[in-house]
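# Residue-level structural notes
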Amino acid sequence: MDTIAIKYNDEIVDLQTAEAKDIHGEAIVLDNSNDALEVLRHSAAHLMAQAIKSLYPDAQFFVGPVVKEGFYYDFKINEEIGEGDLKRIEKQMLFLAKKKYPIERYEISKEEAQKKFAHDPLKLAVMERIADETLSIYKQGDFEDLCRGPHLPSVKAIRFFKLTKIAGAYLGGDSNNEMLTRIYGIAFADKESLKAHMQMLAEAEKRDHRKIGAQMKLFTFREEVGAGFPIWLPAGARLRSRLEELLFKAHRKRGYEPVRGPEMLRSDLWKTSGHYQNYGENMYFTHIDEVEFGVKPMNCVGHIKVYEDELHSYRDLPIKYFEYGIVHRHEMTGALHGLFRVREFTQDDAHIFCTTEQIESQVIEVVDFVDKIMKSFNFDYKMMISTRPSKAVGSDAVWEVSTQALKNAMDSNGLPYEIDEGGGAFYGPKIDIKITDAIGREWQCGTIQLDFNLPERFALEYNGEHNDKIRPVMIHRAILGSFERFIGILTEHYAGEFPMFIAPTQVAIIPIAPTHNAYAERLRNMLLDIGADSEIFSKNESLNKRIRTAEKSRVPMLIVLGDDEVANQTVAVRDRRTREQYSLGETEFLTMIQDKMKEVHF
RNA sequence: GCUCACAUGGCUCAGAGGUAGAGCACUUCCUUGGUAAGGAAGAGGUCCCGGGUUCAAUUCCCGGUGUGAGCUCCA
C-alpha cells in the first residue's frame, strides 16, 4: 500500500511537508485508520472545493475541515444550490480525481497571502483567525487553497467518497455572521467501508425513534401542547413503567432511599445553589404572591433539603437518595429533537452524601450498577474521566484527591477509561458513560459527578467521631440519564423490537375463529397474573391478515389458538424472527414467558 | 435563538387562485379462515393559527406556532 503521510512526534505530517523539511517518521498508508482517514478526508474536502470551483467559478471558500463524521467545506456562491446538485459535484470530483493531479505545497508569508487572496473576502476572514506569519498553500491542477494540511500526495487516491448533505452554516459558527453553504461528505480507503457506512446511515434512518415511536404508538408530540413536551401513549407508558419498576427495585437493593423534592422552589434557594447565576437562562420562573419561584432544572437542591431534615452522624454515611426527578430546562428551539432533546424530562437521579474516604468505594459501586444495566441491554460502553476545567471552584488539593479517587476507582476495578482533560464540571471532576448501540453509534447517558461546591454553599455537615462538624461530599449520578432519552436510544438500538422484559406488549394472541376467543381471554388473564401484557388480534379479518398485522407490531411473541389448542390446552408459538412454529402446553408457555421476563434484573 | 425548507382526514402523502383527493387505519355487512394483506359499503378534513392582497385564499404575501436539517469540533 502506498504511503500517504508520516507520523512524526505524534503528528501527521504529509509527504510534501516531510520532504521540504527533511522529516522522517513512521509511514501512514492508505487504509481506514484514523490517521489515514484524516488525511484522505481532508484532501477529499479540497477535491470537493476544486469541483465546486470548476462548476461554479464565482465560488468563494471558507474552511473545509475533517470532522467526526467525515468532512465538510463552507463556501459561498451566487447560484441556488441544493440536494440535487450533490450528484453533479460528486461526478466532477471523480472526473478531477482521474486527472491524478499531484497535490503540491508551498509556503508564503501572510502578507503575500493577503495580496494573493485580496479579491476573496472569505479567505481573508480565514487568515484573520491565523496567528502564524507563514502560511501554506496547497495546489492541485489549477486549484489553489490556503491550508495547513496534511494532504495526500495526489488526488488520485480519492475514490470512495460520497457527499451526504447540504446545509447552511454561519461563518465561524456565529449567528451574527453571514450564512454560508456547507456540503458534508465522507470518504474511505476502500469501497466496502464506504458501502458499510452508507448502509449504517440508511439503517439509522430506519431505526429513527420518532418514526418507530409513532408506529408503535409509544409517544407523541402536539403543536398545541408545546415544543419539547412529550406525551406518553399507553404502549410507551407500559414500556417506561417496566423500566422504572426494574430500576426502582435495583435502587432499593443497593441501599438508595426514594425521596421527592417539589417541582418549584423559591428563587433564593437557586441563588444559594448558584443555579440562578449559572444556569438561570435555562430555567423557568414564576411568581406566587410576589415571591419568585424557579421550576427545578435539577434535583440536587431538593435532595439537599432532605439531607438537612435531620442531623447526621458519620455512622449514617453514605446516604443515598434517589428520585425519578421531573426537570424542566429551556433548550433552544433548534436543539429539540424527538425524545433525545426535550424541555421536560425525568432523570433517574441520585445523590450520594459521603465522606471523602468513601468516594472511591461509592464510585466503584455506581460503576458496577451502570455495568449491570448496560450489559442487560447489550450496550458496550466506555467511560471518560473529565478533569479540572480552567474555570473551577475548590482548592487544588481537593481536585487532586477527587480526580485521583475517580481514577483509583476505575483502576482497582480493572476498568478502562479515557481522560478528557479540562472537561469536568466547575464544581468537580466526573465520569461520563458513553454507550455504543447496535449500529455503532455512541451516546452519552450516565454521569457520575463529584461535588464539593453544593455542600459548601449549603453548609452541609455531619458529626464526626469526635463530635466535630465535617462537610460531606456529594456525588451526583444518573445511569440512564433520562427516561426520555434512554428510551429513544433503546428504540433505535433494538429497532423497536424490545426484549421481553421491557416490551410494551409481551404476547400477541391470535384466535383462529371467534370460538377460540374465550381461550384467548383466559390466556390474557393468566398472562396478566404473571405481569405480562398481551393483545388479542380477534378482529373480523382473515387469519393471514391478522398474523401479518401482529408480526408487524413488533411484539416479541406470537401465539395462535385453534381447535387443537383449545382441546389440549396448548398454544402454537410463532417466533417473530424465524417464523418457526412449535407447540407448548399452557403452563410451560406461561413459565417460559415468566422466565424471559425475569431474565433481567439490574 | 439564527438560516433554510415543510405544515392537507388518525397515519403516509397527492393537488389546484373558484372551499379537496389516494392508500393505510376506522365503522358496518358478507366471509368462519391453521400461519405475512379475502370482499363490499360507509363515516371522517376550521386544508396549523392570525392578519393582508383579491370579486374570491386552503393555494399568493406578512407575522406566529409546530416539525425537519444545519449552525462546536479552527486554513
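Residues numbered from 1 in each chain as written. Chains lettered and ligands numbered in written order. Predicted model: local features only at pLDDT ≥ 70, side-chain atom pairs only at ≥ 80, totals over all residues. Heavy atoms only, no water.

Moving on to the overall build of chain A. Check the secondary structure of chain A and you find 19 helices and 31 strands. Projected onto the principal axes, the alpha-carbon positions of chain A cover approximately 85 × 75 × 50 Å. Each of the 602 residues in chain A was classed as buried or not, and the buried ones make up 51%. Sequence separation of 24 or more characterises 69% of the internal contacts of chain A that already satisfy a separation of 6 or more. When the accessible surface of chain A is split by element, carbon and sulfur atoms take 48% of a total near 29,400 Å². In chain A, 78 positive and 94 negative side-chain charges are present, and the distance between their average locations comes to 5 Å. (Helix = DSSP H or I, 4+ residues; strand = E, 2+ residues; numbered from the N terminus. Buried < 20%, exposed > 50% of the residue type's maximum accessible area, 1.4 Å probe, protein only. Contact = heavy atoms within 4.5 Å. Areas by Shrake-Rupley, 256 points an atom, 1.4 Å probe, with all protein chains shown as cover. Lys, Arg positive; Asp, Glu negative; His and termini not counted. Charge placed at Lys NZ, Arg CZ, Asp CG, Glu CD.)

When its domains are assigned, chain A resolves into domain 1 (3–204), domain 2 (212–261 + 296–376 + 444–493) and domain 3 (507–598). A straight line from the C-alpha centre of domain 2 to that of domain 3 covers 38 Å. Every contact between the two is made by five residues of domain 2 and, on the other side, six residues of domain 3. Of the roughly 400 Å² buried where domain 2 meets domain 3, counting both sides, 38% is carbon and sulfur surface. (Domains from an automatic or database assignment. Buried area = accessible area lost by both parts, 1.4 Å probe.)

We now examine the pairing of strand E29 (residues 557–561). Burial analysis of E29 places five of its five residues in the buried class, which makes it a mostly covered element. Side chains Met557, Ile559 and Leu561 project from E29 onto one buried face, and the interleaved Leu558 and Val560 project onto a second face that is buried too. Sheet topology places strand E27 (residues 507–511) next to E29; five bridges connect them, and they run parallel. In the sheet register, isoleucine 510 faces E29, and the bridge partner there is valine 560. Pairing between E29 and strand E30 (residues 570–575): four bridges, direction antiparallel. Across the sheet, valine 560 pairs through a bridge with alanine 572, a residue of E30. (Pairing = 2+ DSSP bridges.)

Here the focus is the sheet that holds E29. What the five strands build is an open sheet, ordered E28-E27-E29-E30-E31; its pairing is mixed. In this open sheet, the two strands that pair with only one neighbour each are strand E28 (534–536) and strand E31 (581–585). With direction set aside, neighbouring strand axes in the sheet form an average angle of 30 degrees. Helix H17 (residues 543–552) contacts E27, E29 and E30 of the sheet and is inclined by roughly 175 degrees relative to E27. (Axes fitted to C-alpha atoms, helices over the stretch in contact; angles between N-to-C directions.)

This part takes up the nonpolar core. Most often, soluble globular proteins have nonpolar side chains that are buried together. Core analysis: the biggest nonpolar cluster contains 58 residues, and Leu243, Phe377, Ile435, Phe486, Leu490, Phe498 and Phe602 have the highest contact counts within it. Those residues in contact with leucine 490 that lie beyond four places of it in its chain are Leu243, Phe377, Phe379, Phe498 and Ile502. In this structure, Ala44, Ala51, Phe71 and Leu86 belong to the second largest nonpolar core, which totals 47 residues. (Core = buried A, V, L, I, M, F, W, Y, C linked by side-chain atoms within 4.5 Å.)

Below, the discussion takes up helix H19 (residues 586–598). Here H19 spans 18 Å end to end across 13 residues, near enough to the 18 Å set by a 1.5 Å rise per residue. Those residues of H19 not exposed but buried are Glu586, Phe589, Leu590, Met592, Ile593 and Met597. Within H19, the buried residues cover an arc of 160 degrees as seen down the axis, which keeps them to one side. Residues Thr587 and Lys598 are exposed on H19 and point more than 90 degrees away from its buried face. Each element contacted by the buried residues of H19 is listed here: helix H8 (234–253), E27, helix H16 (517–529), E29, E30 and E31. (Expected span 1.5 Å × (residues − 1). Arc of directions from axis to C-beta.)

Let's shift gears to H8. The terminal C-alpha atoms of H8 lie 29 Å apart, and with 20 residues this matches the ideal 28 Å at 1.5 Å per residue to within 8%. When we look at burial in H8, the residues that qualify are Ala235, Gly236, Leu239, Arg240, Arg242, Leu243, Leu246, Leu247, Ala250 and His251. Across the axial projection of H8, the buried residues extend over an arc of 165 degrees, all falling on one side. Exposed residues lying more than 90 degrees from the buried face of H8 are Pro234, Glu245 and Lys249.

A separate point is the packing of helix H12 (residues 359–376) against helix H13 (residues 396–412). For the pair H12 and H13, interaxial distance at closest approach is 8 Å and the crossing angle is 55 degrees. The angle between the axes of H12 and H13 places the two elements in the oblique class. Remark: the crossing between H12 and H13 carries right-handed chirality. Facing H12, whose interface residues are Ile359, Glu360, Val363, Ile364 and Val367, H13 presents Ala405, Leu406, Asn408, Ala409, Met410 and Ser412. Taken together, the residues that form the contact of H12 with H13 break down as eight nonpolar, two polar and one charged. (Parallel < 35°, antiparallel > 145°, perpendicular 65-115°, else oblique. Left-handed = near helix turned anticlockwise from the far one by under 90°. Nonpolar A, V, L, I, M, F, W, Y, C, P; charged D, E, K, R; others polar.)

What follows deals with the protein's contact with RNA strand B. Around RNA strand B lies a shell of 54 residues, among which Leu146, Cys147, Tyr170, Thr333 and Lys539 are the nearest. One of the side-chain nitrogen or oxygen atoms of lysine 165 is found 2.9 Å away from a phosphate oxygen of RNA strand B. For RNA strand B, a base nitrogen lies 2.5 Å from a polar atom in the side chain of arginine 548. For the surface near RNA strand B, the secondary-structure elements that each account for two or more residues are strand E5 (66–67), strand E6 (70–76), strand E10 (160–170), strand E11 (179–188), H17, helix H18 (563–568) and E30. A total of six residues in the surface near RNA strand B trace back to one element, the largest contributor, which is H17. Looking at the surface near RNA strand B residue by residue, the classes come out as 26 nonpolar, 12 polar and 16 charged. (Near = heavy atom within 4 Å. Polar contact = N/O pair within 3.5 Å; in protein donor to acceptor, adjacent residues only side chain to side chain.)

This part is about the environment of isoleucine 431. Residue placement: isoleucine 431 occurs in strand E22 (residues 430–436). Note on isoleucine 431: relative accessible area 0%, which makes it buried. Sequence-wise, isoleucine 431 and glutamate 565 are 134 residues apart; in three dimensions their C-alpha atoms are separated by 54 Å. Look past the residues within four positions of isoleucine 431 in its chain and what remains in contact with it is Val363, Met383, Met384, Ile385, Leu406, Met410, Gly446, Thr447 and Ile448.

Turning to the packing of aromatic side chains, a few remarks are in order. Each pair of aromatic rings is reported with the distance of its centres and the angle of its planes. Following the criterion strictly, the structure yields 21 aromatic pairs and no others. Here the aromatic rings of phenylalanine 219 and tryptophan 232 are separated by 6.3 Å at their centres, their planes lie at 55 degrees, and the arrangement is tilted. Taken together, the residues span a long stretch of sequence, with phenylalanine 219 in strand E12 (residues 219–220) and tryptophan 232 in strand E13 (residues 231–232) at a distance of 13 residues. Overall, phenylalanine 219 belongs to the buried group, its relative accessible area being 5%. Between phenylalanine 379 and phenylalanine 486 the ring centres are 6.0 Å apart and the planes differ by 65 degrees, which places this aromatic pair in the edge-to-face class. With phenylalanine 379 in the loop between H12 and strand E20 (380–386) and phenylalanine 486 in helix H15 (residues 483–493), this residue pair connects regions lying 107 residues apart in the sequence. In this structure, phenylalanine 379 and phenylalanine 486 share a single accessibility class: buried. Ring-pair connections join several aromatic residues into one group, and the members of that group are Phe248, Tyr256, Phe322, Tyr324, Phe369 and Phe483. Here the guanidinium or amino end of lysine 165 rests over the ring plane of tyrosine 184, the centre of that ring lying 5.7 Å away. Taking NZ or CZ as reference, lysine 271 lies 4.7 Å from the ring centre of tyrosine 276, over its face. (Phe/Tyr/Trp six-rings, centres within 6.5 Å; stacked < 30°, edge-to-face > 60°. Lys NZ or Arg CZ within 6 Å of the ring centre and 35° of its normal.)

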